[in-house]
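# Residue-level structural notes
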Amino acid sequence: MASGQELWRSLEPLQNRSPEFLDAVASYLPTVETLSCEHKHKLSVFKSAELVNALLQIREKRESEDCFGPELAKASFVLVRAAIRDRIMHLGSEGTVDLRAPEIRAVINEGCRLFHAGKKHPERYQLALALSAAQCIALSPWLDGSLMRYSKGCGLQLPEALIHAVRDNFITPYRQSEHVEC
């Protein structure tokens, strides 16, 4: 039986993962879990944008019949890229999200480093996925609200089917409980 701190290992998206992958998730979790509540909230908005973008890019690259079109995929990429570059997300009536805190920057930078290294080294891409899973676990109490904030303020017309797909693939499966200590 898993300890209270190891319950995440039983989450559905992690059930068929290798011990090495789970160890990588475990190594990244403390970095995200120890962020302040304010930093978790801000990072969750960025993570929501990143998840929307990831789903759009994956479906567009695979030319899935459930893709949402190259224009939306490109516009989403531009928004996420600007947030990474500028460390600020301007969300219109939903306000501004400042990602410049060193703790937030470190998590975003590590994700970018692993993602880009993963283009040439598949094992690095697995580490990028492990970091993403750790973020989904640690930020799960904030992700749904952050997804809605992002979708309302990003300036893109995000289809409801896309919002539901992000929620169904990346938010709900990682939810352990709604209890938030912040």
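Residues numbered from 1 in each chain as written. Predicted model: local features only at pLDDT ≥ 70, side-chain atom pairs only at ≥ 80, totals over all residues. Heavy atoms only, no water.

Further remarks concern the overall build of the chain. Tallying secondary structure elements over the chain gives seven helices and two strands in all. A compact globule built from 182 residues would reach a C-alpha radius of gyration of about 16 Å, and the chain, at 16 Å, matches this within 12%. Along the longest, intermediate and shortest principal axes, the C-alpha atoms of the chain span 45 × 35 × 30 Å. Taking all 182 residues of the chain together, 45% fall into the buried category. Taking as baseline every contact in the chain between residues at least 6 positions apart, the subset at least 24 positions apart corresponds to 66%. Separation of charge centres in the chain, based on 22 positive and 23 negative side chains, amounts to 6 Å. (Helix = DSSP H or I, 4+ residues; strand = E, 2+ residues; numbered from the N terminus. Rg over C-alpha atoms; globule rule 2.2 N^0.38 Å. Buried < 20%, exposed > 50% of the residue type's maximum accessible area, 1.4 Å probe, protein only. Contact = heavy atoms within 4.5 Å. Lys, Arg positive; Asp, Glu negative; His and termini not counted. Charge placed at Lys NZ, Arg CZ, Asp CG, Glu CD.)

It is worth spelling out the layout of surface pockets at this point. Computed from the structure, the largest pocket encloses a volume of approximately 1300 Å³. Considering the residues around the largest pocket, the lining is formed by 36 residues, among which Ala54, Ile58, Phe115, Tyr125 and Leu129 are closest to the centre. Elements with a contribution of two residues or more to the lining of the largest pocket: helix H2 (37–61), helix H3 (70–86), helix H4 (102–117), helix H5 (122–138) and helix H7 (160–171). In terms of residues, the lining of the largest pocket owes the most to one element, H2, which gives nine residues. For the lining of the largest pocket, the class distribution of residues is 21 nonpolar, eight polar and seven charged. (1 Å grid on protein atoms, 1.4 Å probe; cavity = no way out; pocket = protein on both sides within 12 Å on 5 of 7 lines; lining within 4 Å. Points joined across faces, edges and corners; volume = space filled by probe spheres on them. Nonpolar A, V, L, I, M, F, W, Y, C, P; charged D, E, K, R; others polar.)

What follows concerns helix H1 (residues 19–33). With 15 residues, H1 should cover 21 Å at 1.5 Å per step; its first-to-last C-alpha distance of 21 Å lies within 8% of that length. For H1, every residue scored as buried is listed here: Phe21, Leu22, Ala24, Val25, Tyr28, Leu29 and Val32. Buried residues belonging to H1 abut H2, H4 and H5. (Expected span 1.5 Å × (residues − 1).)

Here we come to the confidence of the model for the chain. Any residue range with low pLDDT should be treated as having predicted coordinates unsuitable for detailed reading. This prediction gives the chain a mean pLDDT of 91; 94% of its residues lie at or above 70. Ranking the elements of the chain by mean pLDDT puts H5 last with 93 and strand E2 (residues 96–98) first with 98. (pLDDT = per-residue confidence, 0-100.)

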